[in-house]
Amino acid sequence: MFWPEPHSRVRSSYLLIASSLAFGWSANAGNLALSTADRYLKAGEQLVVAVSVEGQAVDGVGAQIVLNYDATKLSFASRSTPGALDLPIYELDSAGVYKIALGTSTGNTDVEVAGTIALLTFNVTGEFADASGLVSFGGSGRVVSKISNAAGSAVVLGAATDLGPVTRDVTAPVMTAAPSNRLMWADANGSGQAVAILTAPTATDNVDSAPVIVRTRAGNVDSSDNFPAGAITTVVWTATDNCGNQATRSASVDVSASSIARLDVGMAGAFVANNFNRGVEIVTGSETIPLTVPMACPSSTRAIGNVDFQLSGASDYAADCAAIRDPLHSVSRTATVAYSAIPGSSGSRDYNSRYLVNPVSDLSIGNANGDAVIDILDFSAFVVQRGGQLPLDTSSSSVGPHTDFNASSDGTGASTALDVTNADLSFLAVNFFAGDETCGAFNNQQPLARIRVKDLRRMGLVGQEMADLNGDGWVDTTDIALMMQGVEPRRPTPTQAPNVANVTNTSNTRR
Ligand SMILES: [Ca+2]
Ligand SMILES: [Ca+2]
Ligand SMILES: [Ca+2]
Ligand SMILES: [Ca+2]
């Protein structure tokens, strides 16, 4: 008998097994194998090793199993015997060696032995990665793993297949950096979203060659590149190794509720300042958008400027009509809102596409009273301010009149030079009778070539009667011509100061 002395409760089958094993064996069918269903153990998991008959089933009445295990990494926890050899007869666990002898509860006759004979559970006490030999067949001489039959003459020897490598991994994957957070304008197509392509981080692991990376939004798997306007969406990438260890990276996509648009506008005429600001208004649909546009003069005949502004990301403005004007200085010009798919950035946000508003014609300057035409009433408004000083810049909140059409003010207020002169009058004269271009509704305001002085008074335009230079009771083109020739108007009172910008003047409204 090669097992240690059995206990007094040893069953009769044990003696049969022991005696049959003494006859020796021959490897004539099947073999014994070690395997595990889970070679990747996460923290807290146990290693469960199956001892089984591999290949052809054999007839047997008992088995003995001898295993060596790495006691620095494992400790034996428990066993079960799910197969036909279901009767534990002897068991010993000591110093990295586990032994068990099994019989059958059905008696001392052979049963078909196939599949799993024993399931042995080990606690994991030490770290290991991709380790072989954690558990292996052991023993020597007669104390080896084997199956015996009742006759004792046909004992099957096994131990052919070892457990193979097993990994216990408590180290999370290492991920590359998350893509940068994105600040976007809504795409200029009314979709109420922006496309943002985020380059996913990659992951490596101490054990796995390719940790699985899952991308989620708000906890749901979602790989869409479309992000809703007016919201900040957080994308999370989670890398998981085969042992369930995880690492995460995240990035946010902040999409404005608005799309970005750009106004390019020209103003015709000989401007003086190289750079000045003008308040400009865009009317499209039911929206009126006030803007302040920085203007520059690359030539002596024209100023140009541009400014970005916002339009709702939930509407498509492409092909809409927009009317653009400088409310203090011009009549309006129209533009068809265009769409550009060229990406860029505006302010702190990027865009995939944007709207372009670019009136074909330059704004006609010379409208001093904010109505729809440049006519004799603008001349009379100009005459009141002529000879005075005005700020160089106007903005979307400035209140007129502001008849320094040619931007000749030095902007400091310290100069004694006059800002409103006949050079400004030339803008009005050149564009005399120009009228608004409109989107849809026809502008039926007729420009006036002349007006009676008493009608000016009736209209509340007190002071403007001084524009009747020749005193004939009319303000008309004759008076304009006289002024162009240098005739000075007679001021109503010597001390009356001209109106200046940013002072409310109720005449500056459209009729
Ligand atoms: Ca790992
Ligand atoms: Ca006017
Ligand atoms: Ca001027
Ligand atoms: Ca006159």
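Rules and cut-offs
- Residues numbered from 1 in each chain as written.
- Chains lettered and ligands numbered in written order.
- Predicted model: local features only at pLDDT ≥ 70, side-chain atom pairs only at ≥ 80, totals over all residues.
- Helix = DSSP H or I, 4+ residues; strand = E, 2+ residues; numbered from the N terminus.
- Contact = placed C-beta atoms within 7 Å.
- pLDDT = per-residue confidence, 0-100.
- Buried ≥ 20, exposed ≤ 12 C-beta atoms within 10 Å, placed from the backbone.
- Axes fitted to C-alpha atoms, helices over the stretch in contact; angles between N-to-C directions.
- Left-handed = near helix turned anticlockwise from the far one by under 90°.
- Nonpolar A, V, L, I, M, F, W, Y, C, P; charged D, E, K, R; others polar.
- Core = buried A, V, L, I, M, F, W, Y, C linked by C-beta atoms within 7 Å.
- Pairing = 2+ DSSP bridges.

Turning our attention to the overall build of the chain. For the chain, the count of helices and strands is five helices and 34 strands. Expressed as a percentage of contacts within the chain between residues at least 6 apart in sequence, the contacts between residues at least 24 apart total 72%.

Turning to the confidence of the model for the chain, a few remarks are in order. The predicted model of the chain averages 88 in pLDDT, with 87% of residues at 70 or higher. Scored below 50 in pLDDT, residues 1-27 makes 51 contacts in the model with residues more than four places away or belonging to other chains.

As a further point, take the environment of Pro294. Structurally, Pro294 can be placed in strand 25 (residues 287-299). Along the backbone, Pro294 and Asn277 are 17 residues apart, and their C-alpha atoms lie at a distance of 4.5 Å. Excluding anything up to four places from it in sequence, Pro294 contacts Asn275, Asn277 and Gly305.

Most of helix 2 (residues 376-385) sits inside the fold, with ten of its ten residues counted as buried. If you check which residues of helix 2 are buried, you get Ile376, Leu377, Asp378, Phe379, Ser380, Ala381, Phe382, Val383, Val384 and Gln385. On the buried face of helix 2, the contacting elements are helix 3 (422-430), strand 33 (451-452), helix 4 (453-458), strand 34 (474-475) and helix 5 (477-484).

Moving on, we come to the packing of helix 3 against helix 5. Direction vectors running N to C along helix 3 and helix 5 enclose 145°, while the axes themselves pass 10 Å from each other. Both helix 3 and helix 5 take part in a crossing whose hand is left-handed. Of helix 5, the residues touching helix 3 (which contributes Asn422, Leu425 and Ala429) are Ile480, Met483 and Met484. Tallied by class, the residues present in the contact of helix 3 with helix 5 amount to five nonpolar, one polar and no charged.

Let us now look at the nonpolar core. Judged by nonpolar contacts, the single largest core of 65 residues is most densely connected at Ala194, Ile324, Val357 and Phe379. Counting residues per element, this core draws most heavily on helix 2, at seven residues. Contacts of Phe379, omitting those with residues within four sequence positions, involve Leu428, Ala467, Val475 and Ile480. In this structure, Leu47, Val51, Val58 and Phe137 belong to the second largest nonpolar core, which totals 38 residues.

A separate point is the sheet that holds strand 9 (residues 128-131). Reading across from one edge, 2-13-9 is the order of the three strands in this open sheet, with mixed pairing throughout. Only two strands of the sheet have a single partner each, and these edge strands are strand 2 (40-41) and strand 9. Sheet topology places strand 2 next to strand 13 (residues 166-168); two bridges connect them, and they run parallel. Paired with Tyr40 across the bridge in strand 13 is Thr167.

Time to look at unusual backbone geometry. In this model, Gly400 is joined to Pro401 through a cis peptide bond whose omega is 0°. Checked against the element boundaries, Pro401 lands in the loop between helix 2 and helix 3. Positive phi, normally seen in glycine, also occurs at Ala319, with a value near 80°. With respect to the element layout, Ala319 can be found in the loop between strand 26 (302-312) and strand 27 (321-325). Looking at Ala319, the number of C-beta atoms within 10 Å reads 9, which means it is exposed.

Taken in spatial order, the eight strands line up as 28-27-24-25-26-23-32-29 in an open sheet, and their pairing is mixed. Each edge of the open sheet is held by one strand with a lone partner, namely strand 28 (333-336) and strand 29 (338-340). Put simply, the sheet's adjacent strands are angled 30° from each other on average, direction ignored. Both strand 27 and strand 28 contribute to a ladder of four bridges, which runs antiparallel. If you follow Cys321 over to strand 28, its bridge partner there is Thr336.

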